[in-house]
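Survey of secondary and tertiary structure
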Number of protein chains: 2
Amino acid sequence: MKLIFSPSSPFVRKVRIAAIELGLIDRIEFLPTTVAPGQPNDDYARITPLKKLPALILDNGDVILDSYVIAEYLDELAGGGKLIPASGPTRWQVKADHSLLQGMLDSMLLCRYEKAVRPQGLQWQAWLDDHWNRAWQGMARFNGQPEKLSRPLDIVQIALVCVLGYADFRFADCGWRKAYPNLDAFHERMLTRQSVKISLPPAA
Amino acid sequence: MKLIFSPSSPFVRKVRIAAIELGLIDRIEFLPTTVAPGQPNDDYARITPLKKLPALILDNGDVILDSYVIAEYLDELAGGGKLIPASGPTRWQVKADHSLLQGMLDSMLLCRYEKAVRPQGLQWQAWLDDHWNRAWQGMARFNGQPEKLSRPLDIVQIALVCVLGYADFRFADCGWRKAYPNLDAFHERMLTRQSVKISLPPAA
């Protein structure tokens, strides 16, 4: 399998941590690319018109899109039910929590584009505030659910550590550790995992 | 079950069509709300900090987020394997195709916000062109895969009809019918389904 990736993508990081934890990392070849809004990448657009990272190319040529679907595929490849419960109400709770975290990351990327990529003078503060607030209120929710932070490793914890790592990477002054002490303790515990430590984003 | 919805959301439409086709529509109570970037909706933000539509509230109070996860939940409730293959390579192909369509809709909403919601003078044409191109090239891909347009109904076809309906609703002059005749024929066939016809977006 080949994973099209960039080291700064939090979505890629989620797949990388999942692949390490599932024991599948050695079966994946990592192929780097660069994507940025408003800039063409014709080679990657032929693989996915969305130009979103990552994409997993299977040995038969099939392309799996979306970091969550890739994580689900890898989970099945590893036997199923490892990072996503195989059945029951917790299956849907985990999927819904992951959807929330995915949306938080989407909003954080929109904030990053608004502040650092969109040309000066075209910023819309209400848009920025709204999207940052979605991520921030999402963090509050997980901070208030300590049982989700301490249970055996799952895709919710992996996605959450990617949210927090991306906050450090692109919004270093946001103060999430002070506002959300349960998330701070969770993040410290997660950093004792090799998969989480070696996948930290590069220096901003 | 309760579905928080808006009649103009293409993500809601996808869930609505799926619920009708799965025979579950009578078990869902529809609760309307309104969301717009930069505008608060505190009641809905308590249900989901993302304020994205739709959200499904189960009878036990659990909230399922993301239109795809809701569709998957309804599919399981209807016995499983109805709109999403239960196993095998086609399962992952359908999931990946749906991810592409979901990303196309996300890009189309970003185009809509850029053109019609962001204050005048703050538009960034390269962003608009990039996101429109993602949706447009995605349409080209499905136009070139007629077997996906004619097989038994699945979540890919449902999501695709929602993409095309949203193009009519918000980008009426984009010319997709002329550019993509296979999609035009597909859309006409889909409109013979009651679920697709009654869920058409309201007049723009």
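What you are looking at is a predicted structure, and each value in this text was computed from that prediction instead of being measured.

Some details on the overall build of chain A
- Counting its regular elements, chain A contains ten helices and four strands.
- Secondary structure elements of chain A, listed N to C terminal, follow the sequence β-α-β-α-β-β-α-α-α-α-α-α-α-α.
- Relative to the compact-globule value of 17 Å for 204 residues, chain A shows a C-alpha radius of gyration of 17 Å, a close match.
- By sequence separation, contacts in chain A at least 24 residues apart represent 70% of the contacts at least 6 residues apart.

Looking at helix α3 (residues 67-77) of chain A
- Along α3 of chain A, eight of the eleven residues are buried, which leaves the element largely enclosed by surrounding structure.
- Residues of α3 of chain A that are buried include every one of Ser67, Tyr68, Ile70, Ala71, Glu72, Tyr73, Leu74 and Asp75 of chain A, and no others.
- Residues of α3 of chain A that are buried sit in contact with α1 (10-21), β3 (55-57), β4 (63-65), α4 (89-117) and α7 (155-170) of chain A together with α4 (89-117) of chain B.
- Where α3 of chain A ends, the next residue or the one after it, glycine 79 of chain A, has phi of about 120°, a positive value.

A few points about the interface of chain B and chain A
- Every contact between the two is made by 34 residues of chain B and, on the other side, 34 residues of chain A.
- At the level of elements, β4 (63-65), α3 (67-77), α4 and α5 (125-143) of chain B are the ones that each hand at least two residues to the side of chain B that touches chain A.
- Counting residues per element, the side of chain B that touches chain A draws most heavily on α4 of chain B, at eight residues.
- The class makeup of the residues in the side of chain B that touches chain A is 18 nonpolar, seven polar and nine charged.

What to know about the confidence of the model for chain A
- For chain A, the average pLDDT comes to 97, and 100% of its residues sit at 70 or higher.
- Among the scores for the predicted complex, ipTM is 0.97 and pTM is 0.97.

Remarks on the pairing of strand β2 (residues 29-32) of chain A
Residues and elements named next belong to chain A.
- Two elements, strand β1 (residues 2-5) and β2, share four bridges in a ladder whose sense is parallel. Within the sheet, the bridge partner assigned to isoleucine 4 lies in β2 and is leucine 31.
- Viewed along the sheet, the connection from β1 through α1 into β2 turns out right-handed.

Thoughts on the sheet that holds strand β3 (residues 55-57) of chain B
Residues and elements named next belong to chain B.
- Strand order in the open sheet formed by four strands is β2-β1-β3-β4, with mixed pairing between adjacent strands. Each edge of the sheet is formed by a strand with only one pairing partner; in this case those strands are β2 (29-32) and β4. Adjacent strand axes in the sheet meet at a mean angle of 25° when their direction is disregarded.
- Where β3 meets β4, three bridges bridge the pair, whose relative direction is antiparallel. Within the sheet, the bridge partner assigned to alanine 55 lies in β4 and is leucine 65.
- Taken strand by strand, α3 contacts β3 and β4, and its axis lies near 120° from that of β4.

Let's talk about the relation of the copies chain B and chain A
- The transform that puts chain B on chain A rotates by 180° and translates by 0.0 Å along the axis, for an RMSD of 0.0 Å. What the superposition gives is, in effect, a two-fold axis relating one chain to the other. Among all residues of chain B, the one whose C-alpha sits closest to the rotation axis is leucine 122 of chain B, at a distance of 2.1 Å.
- Counting the interface residues of chain B, we find that 100% of their copies in chain A are interface residues as well, pointing to one common contact surface.

A word on the domain arrangement of chain A
All names here are of chain A.
- Taken as a whole, chain A is organised into domain 1 (2-77) and domain 2 (89-198).
- Placing the centre of domain 1 and that of domain 2 at their C-alpha centroids yields a distance of 20 Å.
- Facing the twelve residues of domain 1 at the interface are 14 residues of domain 2.
- Considering each element in turn, the side of domain 1 that touches domain 2 owes the most residues, eight residues, to α1.
- The residue makeup of the side of domain 1 that touches domain 2, split by class, is nine nonpolar, no polar and three charged.

Here is what the cut-offs are and how they apply
Residues numbered from 1 in each chain as written. Chains lettered and ligands numbered in written order. Predicted model: local features only at pLDDT ≥ 70, side-chain atom pairs only at ≥ 80, totals over all residues. Helix = DSSP H or I, 4+ residues; strand = E, 2+ residues; numbered from the N terminus. Rg over C-alpha atoms; globule rule 2.2 N^0.38 Å. Contact = placed C-beta atoms within 7 Å. Buried ≥ 20, exposed ≤ 12 C-beta atoms within 10 Å, placed from the backbone. Nonpolar A, V, L, I, M, F, W, Y, C, P; charged D, E, K, R; others polar. pLDDT = per-residue confidence, 0-100. Pairing = 2+ DSSP bridges. Right-handed = clockwise from strand over helix to strand, strands pointing away. Axes fitted to C-alpha atoms, helices over the stretch in contact; angles between N-to-C directions. Least-squares fit on C-alpha atoms with pLDDT ≥ 70 in both. Domains from an automatic or database assignment.

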